[in-house]
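Secondary and tertiary structure notes
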Amino acid sequence: MEEINGTSNKVLEVNLTREKVNIYDVTDQERRLFLGAKGLGLKLLFDRLKPGCDPLGPDNIIAFMPGILMGTGAPCSGRFEAIAKSPLTGIMGSSSCGGPFGMALKSAGWDGVLISGKAEKPVYLYIDKNGVEFRDASQYWGMGIPEVQEAIDDKKTGSLIIGPAGENLVRFANIASGHRFLGRGGLGAIMGSKNLKAVLALGGEYRIMPRDPEKFKKVKKRAHKYINSNKMTAVAYRKYGTNANVRPNLKGNILPVHNFQDGWHEKGDQLAGEIIADNHETRHHTCKPCTIRCGHKGTFDGEQMAVPEYETIGLMGSNLGIFDPVQVAKWNLICGRLGLDTISTGGTLAWVMEAAQKGLVESDLHFGSAEGISEALEDIAYMRGFGAEMALGSRSLSNKYGGQNFAIQIKGLEMAAYDPRGSFGHGLAYAVANRGACHLSSYLVAQELYFKLLRPDLTYGKARWVKFFEDLTCCINALQSCQFTLYAYLLESPLTKYTLDPVLALLMQYMPQVAILLVDSSIYNGLWNSVTGIPLSKNQFLRAGERIHVLERYMNTREGITGKDDVLPGRMLKEGRISDPSKKTVPLHKMLAQYYKIRGFDENGIPTEKLLKELEII
Ligand code: SF4
């Protein structure tokens, strides 16, 4: 079998209108500055996308980019990223997925595919090492995701498929790859707008080899060791999946309950990963390859189903007042068939329930009742009746009917399942995240609640930590190493592991500049260097992460984003949680001003020309 040394540096550019394919050669400079996957994808879109283009028009481009580590056998590396202008938010959207498409594309010889234009009638793309075929998809249009997978997927291919929600342009439609999803930002609607039902890649043509196999072997060994000794990755997530978050989140009063009116509920524990594992014969069902193995399936009402991940449990469970995992697993399955992002679906349904309670809209949906939800999911996916309005998301609904205060979204993207009133740093991260209320841009809740290394109710130092984790996360998203490796790679490094927790916490809380310098992120760096053969020091690597983050921000500012958009939902700023006696709200403004300063943005949150030049973005 032929080999690819690290990356092929070849990206397919497909125009559906003209049925034309071009091969773009990634330059060394692009690779060094923007790394890979999300970073490189953003750079390629920056050069091609016209600001102001209609996200559902033919000019929008959707990029699918396998990670740098894909195919190397590095732990938790079977991931790829999709990037495009989001129809839900109107700004840059992206999503990462651990389904088989990424490996198929990369081992077919391609480091990415950019798709623009609009096909005249439904098509699907078939990609192999020779290029792209345009195939008729009329017979699949209207079908649910599993049926199409059954019809066109086989063991040799990896696929991307949309469901009816994507076809009908639901603004939070997702894209499936195997049993994993590109969930956020409505990227499925972009495929729908292009009459693109699916993309198949036939992999297995090339073996992916790191440029420096000896160095790679050493780093990989250390990575495995850290993952297998960290309590979060080797025990909690491996045994209970991400629902291991339920108990600490209940304790920290940040589990969303009744549209984030509260952060705790007496029945909340019924949704805990430990309880689900006990009652539903759970077993692994993961992205591949993966060393952590957080994904699970289980038996619910006698049927095999995926165990809903924490975000789904939070948004479609407790946030709707539902504490029965069987019910949430069934809705998760329906969303998977129709192609709906469960986070935005849950956030939107919760807004409807509260708006109905307050008399702003007419709906029979109400907190604590499962009645009508399955039908509402179908209505959303097929844009039927009020479902057509729900399909535009909670921002659109609240702009029309009022109730913006309790539309739990930022920049149009519904919030993930962590209430920032119990985790101030995470609140800042939500407010400034490039894709909207994203929990993964800078996952500070881990330091604030799970490891107690930062005080969740203090603002001091948080701006610096948010920036640091944003930059590092951009590096990780370029590698497409699963973000859960962060727990192990940072916390198991000797300096962190053998520093007493109180000392570490003091240093992190009160001397963040010093603590950040001491963070050992050398595994990520080492993986990059050994796979690509492009030597980057820790600082150069993090600087590339910063460049990627600022590029995305800059692209968003070209779409009209300014500091006025870096907000939290009114509820987080003005209302305390029901069960919180101190009625804490997030003191955002103080942290925001510090954040802009540290980032080198002006007071309106715009990256300065000086910064853009220093980072070689313009
Ligand atoms: S830890 Fe979970 S999300 Fe991450 S790669 Fe593994 S199975 Fe996928």
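About the thresholds
- Residues numbered from 1 in each chain as written.
- Predicted model: local features only at pLDDT ≥ 70, side-chain atom pairs only at ≥ 80, totals over all residues.
- Heavy atoms only, no water.
- Helix = DSSP H or I, 4+ residues; strand = E, 2+ residues; numbered from the N terminus.
- Buried < 20%, exposed > 50% of the residue type's maximum accessible area, 1.4 Å probe, protein only.
- Contact = heavy atoms within 4.5 Å.
- Pairing = 2+ DSSP bridges.
- Axes fitted to C-alpha atoms, helices over the stretch in contact; angles between N-to-C directions.
- Phe/Tyr/Trp six-rings, centres within 6.5 Å; stacked < 30°, edge-to-face > 60°.

**Things to note about the environment of Leu182**
With respect to the helices and strands, the residue Leu182 is situated in strand E12 (residues 180-182). Its relative accessible area of 0% is what places Leu182 among the buried residues. Sequence-wise, Leu182 and Ile83 are 99 residues apart; in three dimensions their C-alpha atoms are separated by 10.0 Å. When neighbours within four sequence positions are excluded, Leu182 is seen to be in contact with Phe64, Phe80, Ala82, Ser95, Ser96, Cys97, Leu160, Asn174 and Ile175.

**Some remarks on the sheet that holds strand E17 (residues 303-306)**
Judged by pairing direction, the sheet is antiparallel, and its 3 strands sit side by side in the order E15-E16-E17 without closing on themselves. At either margin of the open sheet sits one strand with a lone partner, and together these are strand E15 (283-284) and E17. The strands touched by helix H12 (residues 325-338) within the sheet are strand E16 (296-300) and E17, with E17 carrying the most contacts at an inclination of about 75°.

**Some details on the pairing of strand E10 (residues 157-161)**
Buried residues dominate E10, accounting for 5 of its 5 residues. Neither face of E10 is exposed, since Thr157, Ser159 and Ile161 on one face and Gly158 and Leu160 on the opposite face are all buried. Alignment of E10 against strand E13 (residues 196-202), held across 5 bridges, turns out to be antiparallel. Along E13, the bridge assignment pairs Thr157 with Leu202.

**Some points on the packing of aromatic side chains**
Within the structure shown, the criterion is met by 22 aromatic pairs. Here Phe451 and Tyr487 contribute two aromatic rings whose centre-to-centre distance is 5.7 Å and whose plane-to-plane angle is 75°, an arrangement assigned as edge-to-face. Here the residue Phe451 occupies a position in the loop between helix H18 (445-450) and helix H19 (462-479), and Tyr487 occupies one in helix H20 (residues 485-491), the gap between them amounting to 36 residues. For Phe451, a relative accessible area of 22% translates into the label partly exposed. Taking the relative accessible area as the measure of exposure, Tyr487 reaches 4% and is therefore buried.

**A few points about the pairing of E17**
In this sheet, E17 lies alongside E16 in antiparallel orientation, the contact comprising 4 bridges. Across the sheet, residue Phe300 finds its bridge partner in E17, namely Glu303. Between the end of E16 and the start of E17, which pair antiparallel, lie 2 residues, with Asp301 showing a positive phi angle near 50°.

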